[in-house]
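Reading the structure
Each chain, letter by letter, is given below.
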Amino acid sequence: MVIFHFSMKIMLRDFLNLFFPRYCLACRGPVAHGAHLLCASCAVDLPRTGYHQEPENPVARKFYGLLPLTHAFGYLHFAKGGKVQSLLHQLKYENRPEVGEVLGRWYASELKEDDFGEAFDLIVPIPLHPSKLRKRGYNQSDAIARGLSEGLNIPWSAEVLKRTRHTNTQTRMSRAERYDNMASVFAIAQPEKVIGQRILLVDDVVTTGATLQACGEAIMASQPQTLSIAALAVAQ
Ligand SMILES: [Zn+2]
């Protein structure tokens, strides 16, 4: 009976490990039982930007003269080969939307602590093109929006902002070329949800800002009360 019980326990553990591997997604080190995704030291040591406490931060400056943003934040510093890159890779390419949800919730609790709990009415993630969505199975920005929404206790919607066409890869383009590439890619499908509202636009990582700018312009055309941006990570 004891042996049977023991082997059942092992089986259950192996079964759970199949779905919830007990290693840290940032450093591959062991994770304590009951912890989620990250080991304790990675969770503490995540390279937080603190940009929400700094109105003139690098994300805000990126959009000066381009978009009338009320707040512009990015949660973590993205560095090549670093822990944040590893987390984003899991989120985007390893079928781990929960990375976005968990980090979104953590970000929300930090934003709340610094009085941003009542600053927004609706969270809008950057949409993926439907063909990419089918391939990946989920939109990583939806996962982040869901985590932020749970943590801030405000709604999010993937139906408000739509991508109307696919874009060419942008890695070798200049900022102006990227902007042309993105123009009229996005459209507001539900303007009644935007008008007069304080919108928080959410992305996974800010690089040039061209995608956020194109989405922001589409949102501004539907007359929100305010527009703000939050990204999970900021590339230098
Ligand atoms: Zn770790």
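A short tour of the structure in this document, coming up.

This next bit is on the overall build of the protein. On a plain count of helices and strands, the protein comes out with nine helices and six strands. Burial analysis of the protein (236 residues in total) assigns 48% to the buried set. Excluding contacts between residues fewer than 6 apart, the proportion of contacts in the protein whose partners are at least 24 apart in sequence is 74%. Surface exposure of the protein reaches about 12,400 Å², of which carbon and sulfur atoms provide 56%.

We now examine the packing of aromatic side chains. Counted under the stated rule, the structure contains two aromatic pairs. Seen in terms of ring centroids, Tyr75 and Tyr107 are 4.3 Å apart; in terms of plane orientation they differ by 20 degrees. Their pairing is stacked. With Tyr75 in strand β1 (residues 69-78) and Tyr107 in helix α5 (residues 97-113), the pair connects residues that are 32 residues apart, well separated along the chain. Take Tyr75: its relative accessible area is 2%, and that puts it in the buried class. The class for Tyr107 is buried, based on a relative accessible area of 1%.

The geometry of helix α4 (residues 83-93) relative to α5 is characterised by a closest axis approach of 6 Å and an angle of 125 degrees between their N-to-C directions. In this view, α4 runs oblique relative to α5, as classed from their interaxial angle. The segment α4 lies against α5, with Leu87, Gln90 and Leu91 engaging Pro97, Val99, Gly100 and Leu103. Classifying every residue of the contact of α4 with α5 gives five nonpolar, two polar and no charged.

Now for the coordination of the zinc ion. Taken together, Cys24 (SG), Cys27 (SG), Cys39 (SG) and Cys42 (SG) make up the full set of protein donors to the zinc ion, lying 2.3 Å away. Considering all four donor atoms around the zinc ion, angles at the metal cover 104 to 114 degrees and the coordination shape is tetrahedral. For the zinc ion, all donor residues lie on one chain, and their spacing in sequence is C-x2-C-x11-C-x2-C.

Here the focus is the nonpolar core. Counting 40 residues, the largest nonpolar core has Leu38, Leu87, Ile123 and Leu148 as the members making the most contacts within it. Listed by contribution, the elements that provide at least two residues to this core are α2 (40-45), β1, α4, α5, α7 (140-152), β5 (198-206) and β6 (226-235). Looking at this core, the element that brings in the most residues is α5, giving six residues. Formed jointly, this core draws a minimum of three residues from each of two domains, domain 1 (1-44) and domain 2 (46-235).

What follows covers the sheet that holds β5. With parallel pairing, four strands are arranged side by side in an open sheet as β1-β6-β5-β2. Here the strands that pair on one side only, and so sit at the sheet edges, are β1 and β2 (122-125). Geometrically, the sheet is characterised by an average inter-axis angle of 20 degrees between neighbouring strands, direction not taken into account. The sheet contact formed by β1 and β6 spans seven bridges and is parallel. From the neighbouring strand, Leu69 faces β6, where its bridge partner is Leu227. On the sheet, α4 packs against β1, β5 and β6 and is oriented at approximately 105 degrees with respect to β1. Packing of helix α9 (residues 210-220) onto the sheet brings it into contact with β5 and β6, and relative to β5 it is tilted by some 165 degrees.

Attention shifts here to the pattern of salt bridges. Enumeration over the complete set of coordinates arrives at seven salt bridges. The salt bridge partner of Glu98 is Arg96, with a shortest N-O separation of 2.6 Å. Using a relative accessible area of 12% as the deciding quantity, one classes Arg96 as buried. One salt bridge in this structure joins Arg105 and Glu150, with 3.0 Å as the shortest N-O distance. You can see Arg105 sitting in helix α5 and its partner Glu150 sitting in helix α7, a full 45 residues away along the chain. A relative accessible area of 32% places Arg105 in the partly exposed class.

Judged by how many residues are buried, α9 sits mostly within the fold: nine of eleven residues are covered. Within α9 the residues assigned to the buried category are Ala210, Thr211, Leu212, Gln213, Ala214, Cys215, Gly216, Ala218 and Ile219.

About the cut-offs
- Residues numbered from 1 in each chain as written.
- Predicted model: local features only at pLDDT ≥ 70, side-chain atom pairs only at ≥ 80, totals over all residues.
- Heavy atoms only, no water.
- Helix = DSSP H or I, 4+ residues; strand = E, 2+ residues; numbered from the N terminus.
- Buried < 20%, exposed > 50% of the residue type's maximum accessible area, 1.4 Å probe, protein only.
- Contact = heavy atoms within 4.5 Å.
- Areas by Shrake-Rupley, 256 points an atom, 1.4 Å probe, with all protein chains shown as cover.
- Phe/Tyr/Trp six-rings, centres within 6.5 Å; stacked < 30°, edge-to-face > 60°.
- Axes fitted to C-alpha atoms, helices over the stretch in contact; angles between N-to-C directions.
- Parallel < 35°, antiparallel > 145°, perpendicular 65-115°, else oblique.
- Nonpolar A, V, L, I, M, F, W, Y, C, P; charged D, E, K, R; others polar.
- Donors = N, O, S within 2.8 Å, 3.2 Å for Na, K, Ca; no water.
- Tetrahedral: all angles 85-135°; square planar, octahedral: opposite > 155°, others 65-115°.
- Core = buried A, V, L, I, M, F, W, Y, C linked by side-chain atoms within 4.5 Å.
- Domains from an automatic or database assignment.
- Pairing = 2+ DSSP bridges.
- Salt bridge = Lys/Arg side-chain N within 4 Å of Asp/Glu carboxyl O.

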